[in-house]
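Structural overview for review
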2 protein chains.
Amino acid sequence: MSVRLNTNYIKNFVSQHELRNIFPLIKAAHESLINHTGAGNEFLGWMNLPVNYDKEEFLRIKKAAEKIKNNSDILVVIGIGGSYLGARAVIEALRSPLYNLLTKDNPQIYFVGNNISSTHLNEVITLCKDKDISVNVISKSGTTTEPALAFRIFKEILEKKYGVYGAKERIFCTTDANKGKLKELALQNDYEQFVVPDNIGGRFSVLTAVGLLPIAVSGLDICKLMEGATKAHEDFLECNLNNDCYKYSAIRNILYNKGKHVEMLVSYEPSMVMFNEWYKQLFGESEGKDNKGILPTSATFSTDLHSLGQYIQDGSRMIFETVIDIKKPKLDFYIEEDKDNFDGLNFLANQNMSVVNRRALEGTILAHTEGGVPNILLEMPEINESELGYLIFFFEKACAISGYMLGVNPFDQPGVERYKKNMFALLGKPGFEDMRNELIEKLK
Amino acid sequence: MSVRLNTNYIKNFVSQHELRNIFPLIKAAHESLINHTGAGNEFLGWMNLPVNYDKEEFLRIKKAAEKIKNNSDILVVIGIGGSYLGARAVIEALRSPLYNLLTKDNPQIYFVGNNISSTHLNEVITLCKDKDISVNVISKSGTTTEPALAFRIFKEILEKKYGVYGAKERIFCTTDANKGKLKELALQNDYEQFVVPDNIGGRFSVLTAVGLLPIAVSGLDICKLMEGATKAHEDFLECNLNNDCYKYSAIRNILYNKGKHVEMLVSYEPSMVMFNEWYKQLFGESEGKDNKGILPTSATFSTDLHSLGQYIQDGSRMIFETVIDIKKPKLDFYIEEDKDNFDGLNFLANQNMSVVNRRALEGTILAHTEGGVPNILLEMPEINESELGYLIFFFEKACAISGYMLGVNPFDQPGVERYKKNMFALLGKPGFEDMRNELIEKLK
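These figures come from a predicted structure and were not determined experimentally.

The subject of this paragraph is the overall build of chain A. Each helix and strand counted, chain A has 17 helices and 12 strands in total. Its C-alpha atoms give chain A a radius of gyration of 23 Å, near enough to 22 Å, the size a compact globule of 444 residues would have. If you line up chain A on its principal axes, its C-alpha atoms span 60 × 60 × 55 Å. The buried share of chain A, reckoned over its 444 residues, is 67%. Counting only contacts in chain A whose residues sit at least 6 apart along the sequence, the fraction spanning at least 24 positions is 77%.

Here it is in structure tokens:
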């Protein structure tokens, strides 16, 4: 069981001796990580999280989820970046991208405060009309513009609908343990509180309360999710080339140094689209600095074989693919024979549709590798909470090792501040007045 | 009105003399296109489509849409690649990505047959249960695996539910005018038929019946969509550097030759996500060949500033951004002052949220260009049928000119066949037996 790395389709691109030669670098990255001597070592809390999480809070998360399920038709999740991507990724992968249309026993879940689109906000407010709602606001500082603005609006909606006291029962704050605007407000109003740990960055936070509360509300089993991560934590402790996680990092590094500057995370299930987005933040924000780093992109096949397929097959040779191969889909479909065979498709009949999807995967891997695109396979026996928990931890650790092998700090994100400062200055935020005129001049 | 190219933020990356120097190449591309002397010139039907479309069929499309609206809760659209992306892009951009949750007066629209996921298929079948449905199957040949398989399944669902005769009233085929499996079946069963023209490739087909029927079912005004395209057709006829469409192609080409190998199409509205996917097919499939071409990617801001923002700001310097700047959102939202200013956000109050989104856009453009990322702006006064029709034609023509400037055939897609052949062989499709054993050997 659990995710397995299949390197059969990179043989023409990466030799065994390359892996041997790079081993000392893997080891150096490993030691930086486990000895807490590397850059960004104040953010390593995710590493032992699967064996070291707050059990008391975990129980409170489950209770809060039950409460929301019992009294709400809709949970509005307010957060941006790492404060929403992990939860949305898990819910869509394991429930469905059509979750809000399909769900019967669990609340619908809408993610807001991850953009500044007034159109999107209005639409979600419309969908909330005449429904019972709860809000989970997720923000370490409480001052990030997008979620703070959305929370201001939904707090008012709740207070109008349920009164100030009624609203308190329906607002759940996931924020800093001790400080910040949201923490202050939560204390003041006696909102239920969960913690964004100090030593875990946003993009590594899906297995904390940040991700777990919304995931639990969707009816998924968060114990199983943690169990999968715990198993991955064990499996990837040792530094050697049998460690699939480290081997994956090494292969990425070797390919990058050969000019494969773009990684495309591929799956054959549309339910993985948001998981791909989670991966893009994890790797893009960790590695994309100092004018280097692999550009993370994604595709869903066979859908995108009919859009990006041509480029991958024949375009610039700068891409490698990492394929998440889910061996057993959540639901299968038996293809019946048609007595007239009006469409000539009887050659597909008398078998499960998942077999057809598998042949598409195999055929594509052969076509792309022959076209010069290395294909790394991550084989998942099936798709459920524990397998996905395992995959999440696999990627988190692979990302940390990759970052150290690239010589960057995988745990900071200095570049994200730049647009924010400009925006604050242009919006006239107190404290940013000096920049304002200069920027307005530049915009002329 | 209409889309306008703003080149203020590429000044530090592309000089005026570069544009002058490249003009002869633009002219050569233009002449290849209008004289039908370039590669792939059998596929230029899209070029005069806005002034030369089949008016009789257009009326039939509107009538069919009315019929579907009157007798169906759900329209199932079966198609892959260019046979679904355009319609889905327009419906989400102008209605909403939440259309199926929000719609009251118009049928829900589900897109199937664009993947081989049994999970997704089962879910859509569940959503169709106890609902009145119609089907629009879109496939030139009728034999592309994904849509053919989905059509086989939904044809049976309809025939079971409505009987063979009842189903005929609910099946609409958009296919070749004269030949192919689907055409034969449509004639045999007297299904209503619409045409995929011979001289228009899938990725250029959104303004034919391929895109127009689903778009009309969603309640959008397809006359206005065509009007916008007609205006763009007029505006971009002349070959000179005041032609925004040609200028955009020229700038892309110049940037590509400077090592900017990745274009990121950016918007500040989540409703544009599928439009970005349409653009990715259009450019990726047109330019990604002969081991060259700009890799098309996309992002939605400010959402992705908190995931890919770090990479764009500070990572590998191979990206340029093309920003679709929608000046007026579909719905705005007035931000009220909070008397306690509990969150310190009153500096955002007493104005529309769209102003805040605009400052995010301005701040980001300044931050990214200063970080070494050229930003091309496409300014759209508002978002409606005619503006989007205009933008669609802008991109189509820009893509053709770009392809010719790159020295490729922008209208073929030979690379897409490769995975299909492998898949057919592995599935045991008649006629592909020879390859089968060889491939199975390679998979061992």
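Now that the structure has been shown, the text picks up again.
Residues and elements named next belong to chain B. Ordered by their spatial adjacency, five strands build an open sheet running β3-β2-β4-β5-β6, and the pairing between neighbours is parallel. Sheet topology places β3 (108-112) and β6 (192-195) at the edges, where each strand pairs with a single neighbour. Adjacent strand axes in the sheet meet at a mean angle of 20 degrees, parallel and antiparallel pairs treated alike. Each of β2 (74-78), β4 (133-138), β5 (171-175) and β6 touches helix α3 (residues 55-71); the most contacted strand, β6, lies at about 135 degrees to it.

Residue and element names in this part refer to chain B. Listed in full, the buried residues belonging to helix α8 (residues 181-189) are L182, K183, L185, A186 and N189. Burial along α8 is one-sided: seen end-on, the buried residues are contained in an arc of 165 degrees. Facing away from the buried side of α8 by over 90 degrees, the exposed positions are L187 and Q188. Looking one or two places after α8, you find D190, whose phi comes out positive at around 60 degrees.

This part covers the sheet that holds strand β8 (residues 295-300) of chain A. The pairing of strands in a sheet happens through backbone hydrogen bonds and is either parallel or antiparallel. All names here are of chain A. What the five strands build is an open sheet, ordered β1-β12-β9-β7-β8; its pairing is mixed. Edge positions in the sheet fall to β1 (4-6) and β8, since each has one partner strand and no second. Between one strand axis and the next, the sheet turns by 25 degrees as a mean value, whatever way the strands run. The sheet strands contacting helix α12 (residues 273-287) are β7 (262-267), β8 and β9 (319-326), and the helix crosses β8 at an angle near 170 degrees. The sheet strands contacting helix α14 (residues 353-370) are β9 and β12 (375-380), and the helix crosses β9 at an angle near 160 degrees.

Quick look at unusual backbone geometry now. Residue and element names in this part refer to chain A. Note that the residue after F301, namely S302, is joined by a cis bond; omega there is 0 degrees. With respect to the element layout, S302 can be found in the loop between β8 and α13 (309-314). A positive phi is found at D130, a non-glycine position, where the angle reads about 60 degrees. Position of D130 among the secondary structure elements: in the loop between α6 (118-128) and β4 (133-138).

At an RMSD of 0.0 Å, chain A and chain B line up after a rotation of 180 degrees and a shift of 0.0 Å along the axis. Seen this way, the second copy is the image of the first under a two-fold rotation axis. Counting the interface residues of chain A, we find that 99% of their copies in chain B are interface residues as well, pointing to one common contact surface.

Accessible area lost upon the coming together of the parts is a frequently used measure of interface size. Contact with chain A, which involves 125 residues of that partner, is made by 124 residues of chain B. By the criterion of area lost to chain B, the three top residues of chain A are R152, H306 and Q310 of chain A, representing 8% of everything that side buries. The interface formed by chain A and chain B includes eight salt bridges. K442 of chain B is paired through a salt bridge with E370 of chain A; the nearest N and O atoms lie 2.6 Å apart. Looking at which element gives the most residues to the side of chain A that touches chain B, the answer is α14 of chain A, with 12 residues.

The relation between two aromatic rings is expressed through the spacing of the ring centres and the mutual angle of the planes. Residues and elements named next belong to chain B. Taken as a whole and judged by the stated rule, the model has 40 aromatic pairs over all chains. Measuring from centroid to centroid gives 5.5 Å for F236 and Y390, while their planes differ by 65 degrees, and the two rings are edge-to-face. With a gap of 154 residues between them, F236 in the loop between α10 (222-235) and α11 (244-257) and Y390 in helix α15 (residues 385-406) connect regions that are remote in the sequence. Y390 sits in the buried class, given a relative accessible area of 4%.

In the structure shown here, the tally under the stated rule is 64 salt bridges over all chains. Across the pair K69 of chain B and E66 of chain B runs a salt bridge, and its minimum N-O distance is 3.3 Å. Of this pair, K69 of chain B and E66 of chain B both sit in helix α3, three residues apart, which is roughly one turn of that helix. Measuring nitrogen to oxygen at the nearest pair gives 2.9 Å for the salt bridge that ties D198 of chain B to K140 of chain B. With a gap of 58 residues between them, D198 of chain B in the loop between β6 and α9 (209-217) and K140 of chain B in the loop between β4 and α7 (145-168) connect regions that are remote in the sequence. Accessibility expressed as a relative area gives 46% for D198 of chain B, which makes it partly exposed. Residue class for K140 of chain B comes out partly exposed when judged on its relative accessible area of 29%. Counted as one network, the salt bridges with shared partners bring together R4, D325, K327, R358 and E379 of chain A.

Moving on, we get to the environment of M272 of chain A. Along the polypeptide, M272 of chain A turns up in the loop between β7 and α12. Linking M272 of chain A and E169 of chain A, residues 103 residues apart in sequence, is a C-alpha distance of 33 Å.

Let us look at the nonpolar core. I78, F151 and F154 of chain A together with I78, F151 and F154 of chain B are the most contacted members of the largest nonpolar core, which has 133 residues in total. Apart from residues no more than four positions distant in its own chain, I78 of chain B is found in contact with V112, G113, V135, N136, V137, I138, P147, A150, F151 and F154 of chain B.

Turning our attention to the side chain of S402 of chain B. Counting through the fold element by element, S402 of chain B comes out in helix α15. Once residues within four sequence positions are removed from consideration, S402 of chain B is found in contact with S249, R252, F283 and E287 of chain B.

Thresholds, definitions, all that
- Residues numbered from 1 in each chain as written.
- Chains lettered and ligands numbered in written order.
- Predicted model: local features only at pLDDT ≥ 70, side-chain atom pairs only at ≥ 80, totals over all residues.
- Heavy atoms only, no water.
- Helix = DSSP H or I, 4+ residues; strand = E, 2+ residues; numbered from the N terminus.
- Rg over C-alpha atoms; globule rule 2.2 N^0.38 Å.
- Buried < 20%, exposed > 50% of the residue type's maximum accessible area, 1.4 Å probe, protein only.
- Contact = heavy atoms within 4.5 Å.
- Pairing = 2+ DSSP bridges.
- Axes fitted to C-alpha atoms, helices over the stretch in contact; angles between N-to-C directions.
- Arc of directions from axis to C-beta.
- Least-squares fit on C-alpha atoms with pLDDT ≥ 70 in both.
- Buried area = accessible area lost by both parts, 1.4 Å probe.
- Salt bridge = Lys/Arg side-chain N within 4 Å of Asp/Glu carboxyl O.
- Phe/Tyr/Trp six-rings, centres within 6.5 Å; stacked < 30°, edge-to-face > 60°.
- Core = buried A, V, L, I, M, F, W, Y, C linked by side-chain atoms within 4.5 Å.

The quantities given are spatial measurements derived from coordinates; they are silent on function.
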